Amino acid sequence: MALLFTLATLVVGAQLMFWFPSIPRLHTFVPAVVVVAFGLGLVFDAKRTNKQAARSLTADGFEPCEGACDPDIELLAEAMKPSSLRPDYAEIVLTGERCGRTVYLANYWTGESRYAFAAVQTVRRWPEAIIRRKRITGNLRDGHDLGDRAFNRQREILSKAPAEAMQPFEHLAGWFVNDDTVRKSFRMHEIPGKNEQWAFGGHWVALADRGHAGPKQLLQLADFLVAFAEAADALDDPVAAD
């Protein structure tokens, strides 16, 4: 749709400029309309892609969330930084089960970027915390040092919980680190997972990554988070349970 809208606008715009060459405003008006048409096409494409993804995920045992989503999941998504994923940003939200764990999958559109989102239930009870890409400047009053050099280069963890409550994160620091040596020829490529953002709270862990995701990518995100949850629940330190 984006391509069709753009081509149609270009054709009409070129004809107008050919028929009315004496109107100088057309030279600025037509390019602006082309940009708008392309944006509208992207919106239609995203809606169609989301509907197809929802249908495909339904075949994998997931069900669309009718009405309001679980409030705990909404709070986790909204707590994420730097991009807060508010409930009204959600394009699709589905829930299902993977390896005996409740899983939520979603696509969000913030108005600037799209995020693929997954949340998984754990036996472990987590303190409220977020993990985001490390920034050169920022408020680190609530930051914790996990004692992992690779983590400290890429990520920062923010929480008001006491240091002893953060010990599980120290054992899991490697899960939040990506390969920062991804290069091809002489061109720079974006680090996979560079824009990941995590949120923890209660018996839930959530992960979002920037980019529109289809059903395959959302299921991969769910499988990764389920594996993380299993590793977290297998830690030797005591697990708080309600």
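First things first, this report covers the structure right here in the doc. Bear in mind that the values here come from a model prediction, so they are computed numbers and not experimental data.

1. Details of the overall build of the protein chain
Here's step 1: A tally of regular secondary structure across the protein chain gives six helices and nine strands.
Here's step 2: Across the 242 residues of the protein chain, 40% fall into the buried class.
Here's step 3: A fraction of 65% describes how many contacts in the protein chain between residues 6 or more apart in sequence connect residues 24 or more apart.
Here's step 4: Accessible surface, the protein chain as shown: approximately 13,900 Å² in total, 57% of it carbon and sulfur.

2. Describing unusual backbone geometry
Here's step 1: Backbone torsion omega between Lys-81 and Pro-82 reads 5°, so that peptide bond is classified as cis.
Here's step 2: Among the secondary structure elements, Pro-82 is positioned in the loop between helix H3 (71–79) and strand S2 (90–98).
Here's step 3: Residue Cys-99 is not a glycine yet carries a positive backbone phi of 55°.
Here's step 4: Within the fold, Cys-99 resides in the loop between S2 and strand S3 (101–109).
Here's step 5: Residue Cys-99 is classed as exposed on the basis of its relative accessible area, which comes to 62%.

3. Comments concerning the environment of Glu-97
Here's step 1: Within the secondary structure, Glu-97 is located in strand S2.
Here's step 2: The exposure class assigned to Glu-97 is exposed, which follows from its relative accessible area of 56%.
Here's step 3: Along the chain, Glu-97 and Val-120 lie 23 residues apart, while their C-alpha atoms are 9.1 Å from each other.

4. Section: the pairing of strand S4 (residues 114–133)
Here's step 1: Taken across its 20 residues, S4 has 15 buried, putting it largely inside the fold.
Here's step 2: Pairing analysis gives seven bridges linking S3 to S4, with the strands arranged antiparallel. Across the sheet, residue Ala-106 finds its bridge partner in S4, namely Phe-117.
Here's step 3: Hairpin connection of S3 to S4: four residues between the antiparallel strands, including Gly-111 at a positive phi of 100°.
Here's step 4: Two elements, S4 and strand S9 (residues 197–210), share eleven bridges in a ladder whose sense is antiparallel.

5. Looking at the side chain of Glu-196
Here's step 1: Structurally, Glu-196 can be placed in the loop between strand S8 (187–188) and S9.
Here's step 2: Side chain to side chain, Glu-196 and Trp-198 meet in a polar contact 3.5 Å long.
Here's step 3: Beyond its immediate stretch of four places on either side in the chain, Glu-196 contacts Ile-131, Arg-132, Arg-133, Arg-155, Asn-178, Leu-207, Ala-208 and Asp-209.

6. Quick word on the pairing of strand S6 (residues 155–158)
Here's step 1: Of the two faces of S6, the one holding Arg-155 and Ile-157 and the one holding Glu-156 and Leu-158 are both buried throughout.
Here's step 2: Taken together, the two bridges between strand S5 (residues 143–144) and S6 define a ladder with antiparallel strand orientation. Each bridged residue has a counterpart across the sheet, and for Gly-143 the counterpart in S6 is Leu-158.

7. Comments concerning helix H6 (residues 215–233)
Here's step 1: Here H6 is 19 residues long and its end C-alpha atoms lie 27 Å apart, about the 27 Å a rise of 1.5 Å per residue gives.
Here's step 2: Those residues of H6 lying buried are Leu-218, Leu-219, Leu-221, Ala-222, Leu-225, Val-226, Phe-228, Ala-229, Ala-232 and Asp-233.

8. Regarding the nonpolar core
Here's step 1: By size, the foremost hydrophobic cluster in this structure holds 37 residues, and its most contacted members are Leu-105, Phe-169, Phe-176, Trp-198 and Phe-200.
Here's step 2: If you list the elements that add at least two residues to this core, you get helix H2 (26–59), S2, S3, S4, S9 and H6.
Here's step 3: The greatest single-element share of this core, amounting to nine residues, is contributed by H6.
Here's step 4: If we skip the residues at most four places from it in the chain, Phe-176 touches Ile-131, Phe-151, Arg-155, Phe-169, Trp-198, Phe-200 and Phe-228.

9. Brief notes about the packing of aromatic side chains
Here's step 1: By the definition in use, this model includes 16 aromatic pairs.
Here's step 2: Summarising the aromatic geometry, the rings of Tyr-104 and Trp-204 are spaced 5.8 Å apart at their centres and angled 65° between planes, so their arrangement reads as edge-to-face. Taken together, the residues span a long stretch of sequence, with Tyr-104 in strand S3 and Trp-204 in strand S9 at a distance of 100 residues. Take Tyr-104 and Trp-204: they sit in the same class, and that class is buried.
Here's step 3: A connected cluster of aromatic rings, assembled from ring pairs, spans Trp-126, Phe-151, Phe-169, Trp-175, Phe-176, Trp-198, Phe-200, Phe-224 and Phe-228.
Here's step 4: Directly above the aromatic system of Trp-109 lies the positively charged group of Arg-114, at a separation of 4.5 Å from the ring centroid.
Here's step 5: Over the ring of Trp-126 we find Arg-124; its NZ or CZ atom is 5.9 Å from the centre of that ring.

The rules we used
Residues numbered from 1 in each chain as written. Predicted model: local features only at pLDDT ≥ 70, side-chain atom pairs only at ≥ 80, totals over all residues. Heavy atoms only, no water. Helix = DSSP H or I, 4+ residues; strand = E, 2+ residues; numbered from the N terminus. Buried < 20%, exposed > 50% of the residue type's maximum accessible area, 1.4 Å probe, protein only. Contact = heavy atoms within 4.5 Å. Areas by Shrake-Rupley, 256 points an atom, 1.4 Å probe, with all protein chains shown as cover. Pairing = 2+ DSSP bridges. Polar contact = N/O pair within 3.5 Å; in protein donor to acceptor, adjacent residues only side chain to side chain. Expected span 1.5 Å × (residues − 1). Core = buried A, V, L, I, M, F, W, Y, C linked by side-chain atoms within 4.5 Å. Phe/Tyr/Trp six-rings, centres within 6.5 Å; stacked < 30°, edge-to-face > 60°. Lys NZ or Arg CZ within 6 Å of the ring centre and 35° of its normal.

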